[in-house]
Amino acid sequence: MSPIVLINIILLSAHSVIGAVPEIENAREEKLRSGLIDAFQNIKKASSKGGDDDLSSDLIGSMIPLPSPSKNDKFTTDDSFDLFADDDGLTFSEAFGNVETEKRVSTTEKSHNVQHIVKTTRQVEKTTTKPSNIIGKLADSIRNTVNESRMQMAMVSNDTNLLGLESMLRVLDAEILVQQWGELQNTVDGQCKEDMQEYVEGLQDKLLWALKMEDASGRYTSMFYWGNNYWTGSAELCAILNELHAPSKNHNRSGGSQIFSEWRQDVSVTGLGPPFDTAFYNVRMSVSTDLPDIVRTRRTLHLGLCLPRTCSREQVGRMVGAVRAPLLHHKVVTVRSPEHGGYTYLGDPTFQILLAVSCIVAVLLVSATVYDMRLAREVRARRRRAHNMAVAESGASDHKLDLNGLDAITVSKGKSMYNVNNNNSEERLTAETASTDGDLKLSVWSELLLSFSMKANILQIFDQSVGSDTVPEVHGLRSLSMVWIIFGHTCIVVFKYADNTALRAILEKSFLFQLIISAVYSVDTFFCLGGMLVTFLYFRTNAKGKLDRLTKGHRKITAGVLQFLGLIAYRFARLTAPYLFMLGVVEVIMKWFANNAVFEPPAMDHETCPKYWWRNLLYINTLFPVDQMCMLWSWYLSDDTQFYAVSAILLILATSHFKLSAVLTGLFFLSSLVTTGFVSYSSEHIPNSEDPFTQFDKIYDKPWTRLGPYLVGMATGWILFKTNLKIKMGMVWACVGWAVCTATFLFLIFGLYKTELDVVSAAVYSALSHSLWAACVAWVIIACSTGHGGWVRGLLSAPVLYPFSRVTYCAYLVHPVVLRYVAMHLTHPIHLGELLVFVLFLGLTVISYFLAFVISVAFEAPIVTMLKILSPQKKPHRV
């Protein structure tokens, strides 16, 4: 006899016995109660040992009355236990159990029995108008016993579900998709719905192509608490499923072929693909949970899904958003799909312009190089004839002429000559040394064409000599600072796409990691060098009287305005050609990444560049919010150009009113310090070793907070000019200067390590730190250029660094593009380590400098050469 039937018989017997003999009611009541409690204890023990599920279901359904639904109550298939309900009203059973399955089994025998018993119980309650105390007491005892059993069973079941993160951190997998497909199919329509139905049936039938699609989809694997937010799966496997892979008919029994055959079978390379085209979707979602011990804060997950291609990104977003995950509460933010990108290069007007410019420049480079080589042969032939004539006249036979050298265009008395430079001297073809054919004169168009000569530009970049107006140590400072910047940017980008982002929190606690964080000071080095070179070269050029050629015959005010316009025009022409080209490249590739990459791009340049590129062209983009900036790293060019304009005014003013210019320079410097400190204090900015880019839009990129290092560089340039690079300094003072400089460098690099600043001290640090760094760089320049640098001077002025220094500008423009290109072509996150980061840095540095060399030869060097041809110098100035 079934236990549940026994319970009903006991209840009916108890009801019939109640009114029989009142005088023995108490004895029978106690006896009956004792028997029922013993029976339920036995049932409870049996169920806890793995008894019949139907028994527990029938027992619970028959003895616990269902609450009457109200407008504010949510209907559930199980009883509501407030003990396990969360803030959203989600019960413990709904959160961890299979609610959908329970809803869909209403026609099973279990649900039928439960409904039948509940119905019978309610009928008994309606016919019993005055139940006795024994019935109430028995019902209370039975209900309490059953509730206790139910709670223990639920706790045991849910504890089993909680074992392992793989069962808790589930959003959408094959099991959830199949179980909830009855509801999820309402979120899609059309061919997508039909293909998804076929995919679900394939999962149920365990078909190989369906299992491969599930295998290509992402899910929790490991390292969730190590920062793994990329559950990307395999975009490659999803893409390869679109191809049919019939088993090979070649049954070669040789040993090697057999090994590869078994390997291919082992990794399931062979087999047929799905009956529809597949596509890979990357769903970005924010997740949280009501259990803070498991997920303490809201996380952003990237879930890769291999689904039918007929599903649009919107349909996939709705379907994933409708999924009821066991533990996580998720909200879909955006869905990416490379197969649904919709962007092509050829249809973009920006790409068309870039392609046309590239073709024109390529034709100019090839034509100019061929023309240059032809002129070189002609010049050498004339020089050889002149040499032979000289030998014949003098009768000397041991005179040799070195014809291998650097070819260049020079200007003498307004006439352009094509020259052949040897290592020791520079000779010009004139009537005295050339043949009777006369001088080899070049027209303006020939000069402009030869500016694109790859041969001349390459030789100019790799030239091991420097001009007389150049401080050699500048080359070393440029090169080392640029490498430091690339290293810092590499760490920033690769950390974003790592599956162990928590490694940064570990590395930040290390002492040597401060070298990476402090890479922000390398920009101050560039500011200091820029101010120093502008001031030093301006005063030297003005002392030689060359600036008077542009302003001769004009009033001082008019002459000053002409000088200012000339300086700005030179600066604009010098920088804009490669800059504008890279703006177009960034816009095009970021559009492609935004639509076709698996990962999300690190910036919104595909939206900001088409709207705000003109701000970059005018070098005023730092005057606007940072979220509207195109090419975020171009903030340095904007600030440096604005500083150049300020310095031009101060320098022109200094030629006639030096004291006024010096006072204004000091006021600008103090105002920059005060402004930086005030902004830092008002925004409660606390510099720390974890994030040096905090308050980027208020402090880091604004010109009024970064002007100090540039003005320090201007003061340095004036000192070098006034002393003519000759400063007498004793050994003691030199040692003191180097000691103070080294101590300041170390303090700025490692000073924030395990240091907590208050708001006031943080404001003082923010105001002074960048200018202190520039002051130390100024000391290095002055000490090395005046003979007090020691081995540092030999390192910074090493000729091997000259080519890297000459392409620094293009390297700065190119290297973030290289970093983004590598990151956006990833389909899986990077597992970082110290050695891997260093290897990536080396590889990215090599690629960046190679591309910078190409951009410099094609765009920068020709412009520089043309500007020198137009300048009043007798020969091209080699930087």
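Residues numbered from 1 in each chain as written. Predicted model: local features only at pLDDT ≥ 70, side-chain atom pairs only at ≥ 80, totals over all residues. Heavy atoms only, no water.

Enquirer: Any chance you could break down the nonpolar core for me, citing the residues and the numbers?
Expert: If you look at the biggest cluster of nonpolar residues, it comprises 111 residues, and the most contacted ones within it are Met532 and Trp635. With sequence-adjacent residues up to four places away left out, Trp635 is seen in contact with Val523, Phe527, Asn621, Thr622, Met629, Phe696, Tyr700, Asp701, Arg706 and Tyr812. Membership of the second largest hydrophobic core comes to 49 residues, among which are Trp181, Leu184, Tyr220 and Met285. (Core = buried A, V, L, I, M, F, W, Y, C linked by side-chain atoms within 4.5 Å. Buried < 20%, exposed > 50% of the residue type's maximum accessible area, 1.4 Å probe, protein only. Contact = heavy atoms within 4.5 Å.)

Enquirer: Would you mind going over the pattern of salt bridges in detail, with residue names and values included?
Expert: According to the stated counting rule, one finds 15 salt bridges in the structure shown. In this structure, Arg170 and Glu175 form a salt bridge, with 3.2 Å as the shortest nitrogen-oxygen distance. Here the residues in one salt-bridge network are Arg170, Asp173 and Glu175, joined through shared partners. (Salt bridge = Lys/Arg side-chain N within 4 Å of Asp/Glu carboxyl O.)

Enquirer: Describe in detail the confidence of the model for the chain, supporting the description with residues and values.
Expert: With 70% of its residues at a pLDDT of at least 70, the chain reaches an overall mean of 77. Taken as a whole, residues 246–256 scores under 50 in pLDDT and shows 5 contacts with residues more than four places along the chain or in a different chain. (pLDDT = per-residue confidence, 0-100.)

Enquirer: Which residues make up helix α17 (residues 454–461), and what are the values?
Expert: If you check which residues of α17 are buried, you get Ala456, Asn457 and Ile461. Viewed along the axis of α17, the buried residues span an arc of 130°, placing them on a single side of the element. Summarising the contacts, the buried residues of α17 are in contact with α15 (349–394), α32 (802–806) and α34 (834–870). (Helix = DSSP H or I, 4+ residues; strand = E, 2+ residues; numbered from the N terminus. Arc of directions from axis to C-beta.)

Enquirer: Please provide a residue-by-residue account of the packing of helix α18 (residues 473–496) against helix α30 (residues 759–785), values included.
Expert: Packing of α18 against α30 brings their axes to within 10 Å, and their N-to-C directions diverge by 145°. Seen from above, α18 lies across α30 with right-handed handedness. Here Glu473, Leu477 and Trp484 of α18 come into contact with α30, specifically with Trp773, Val777, Ile781, Cys784 and Ser785. The residue makeup of the contact of α18 with α30, split by class, is 6 nonpolar, 1 polar and 1 charged. (Axes fitted to C-alpha atoms, helices over the stretch in contact; angles between N-to-C directions. Left-handed = near helix turned anticlockwise from the far one by under 90°. Nonpolar A, V, L, I, M, F, W, Y, C, P; charged D, E, K, R; others polar.)

Enquirer: Before we move on, could you go through the packing of helix α23 (residues 556–596) against helix α25 (residues 635–654) and cite the residues and values that matter?
Expert: Packed helices, taken two at a time, are described by the angle between their axes plus the distance between the axes. The N-to-C vectors of α23 and α25 enclose an angle of 160°; their axes lie 9 Å apart at closest approach. Taken together, the axis directions place α23 and α25 in an arrangement best described as roughly antiparallel. Both α23 and α25 take part in a crossing whose hand is right-handed. In this structure, α23 uses Gly560, Gln563, Phe564, Leu567, Ile568, Arg571, Leu575 and Tyr579 to contact α25, whose residues at the interface are Leu637, Asp640, Thr641, Tyr644, Ala645, Ala648, Ile649 and Ile652. Its residues assigned to classes, the contact of α23 with α25 shows 11 nonpolar, 3 polar and 2 charged. (Parallel < 35°, antiparallel > 145°, perpendicular 65-115°, else oblique.)

Enquirer: Lay out the sheet that holds strand β4 (residues 329–336) in plain terms, naming residues and giving numbers.
Expert: Taken together, the 4 strands give an open sheet; going across it, the order is β1-β3-β2-β4, and neighbouring strands pair in mixed fashion. Edge strands, defined here as strands with exactly one partner in the open sheet, are β1 (230–231) and β4. Across 2 bridges, the pairing between β1 and strand β3 (residues 299–308) is parallel. Residue Tyr230 lies in a different strand from β3, and its bridge partner there is His302. Sheet strands touched by helix α11 (residues 208–216): β2 (278–288) and β3. Its angle to β3, the strand with the most contacts, is close to 160°. (Pairing = 2+ DSSP bridges.)

Enquirer: Hey, could you go over the packing of aromatic side chains for me, with residue numbers and the actual values?
Expert: Summed over all chains, the structure comprises 36 aromatic pairs. When the centroid spacing of 6.2 Å and the interplanar angle of 55° are considered together, the rings of Phe224 and Trp231 count as tilted. With a relative accessible area of 1%, Phe224 lands in the buried category. Considering the side-chain rings of Tyr497 and Phe599, the 5.5 Å spacing of their centres and the 50° angle between planes classify their relative orientation as tilted. Taken together, the residues span a long stretch of sequence, with Tyr497 in the loop between α18 and α19 (502–507) and Phe599 in the loop between α23 and α24 (605–617) at a distance of 102 residues. Ring-pair connections join several aromatic residues into one group, and the members of that group are Phe526, Phe527, Trp635, Tyr636, Phe643, Phe696, Tyr700, Tyr710 and Tyr812. The ring of Phe224 has Arg299 sitting right over it, with the charged end atom 4.1 Å from the ring centre. When the ring centre of Phe624 is taken as origin, the NZ or CZ atom of Arg615, which lies over that ring, is 3.7 Å away. (Phe/Tyr/Trp six-rings, centres within 6.5 Å; stacked < 30°, edge-to-face > 60°. Lys NZ or Arg CZ within 6 Å of the ring centre and 35° of its normal.)

Enquirer: Residues and numbers for unusual backbone geometry, please.
Expert: One non-glycine residue, Lys206, lies in positive phi territory at about 55°. By the secondary structure assignment, Lys206 is in the loop between α10 (190–204) and α11. On the basis of relative accessibility, which here comes to 64%, the residue Lys206 falls in the exposed class. Its identity is not glycine, yet Met631 carries a phi of approximately 55°, on the positive side. You can see Met631 is positioned in the loop between α24 and α25. Met631 gets classed as buried once you look at its relative accessible area, which sits at 0%.

Enquirer: Describe the environment of His489, with residues and values.
Expert: Among the structural elements, His489 can be located in helix α18. Among residues more than four places away in sequence, those in contact with His489 are His815 and Leu819.

Enquirer: Describe the state of the cysteines, with residues and values.
Expert: Inspection of every chain in the model, using the stated rule, returns 3 disulfides. Here Cys192 pairs with Cys311 through a disulfide, and the sulfurs are 1.9 Å apart. Every disulfide takes its handedness from the sign of the S-S torsion; for Cys192 and Cys311 that torsion is 90°, giving right-handed. Of the two residues, Cys192 sits in helix α10 while Cys311 sits in the loop between β3 and α14 (313–321), which places them 119 residues apart along the sequence. Residue classification places Cys192 among the buried positions, given a relative accessible area of 1%. Note on Cys311: relative accessible area 1%, which makes it buried. Across the disulfide from Cys609 sits Cys630; the S-S distance is 1.9 Å. Its S-S torsion of approximately 80° makes the covalent link between Cys609 and Cys630 right-handed. Of this pair, Cys609 sits in helix α24 while Cys630 sits in the loop between α24 and α25, and the two are 21 residues apart along the sequence. Each member of the pair, Cys609 together with Cys630, is buried. When the bonded cysteines of the chain are counted from the start of the sequence, the pairing works out to 1-4, 2-3, 5-6. (Disulfide = S-S within 2.5 Å.)

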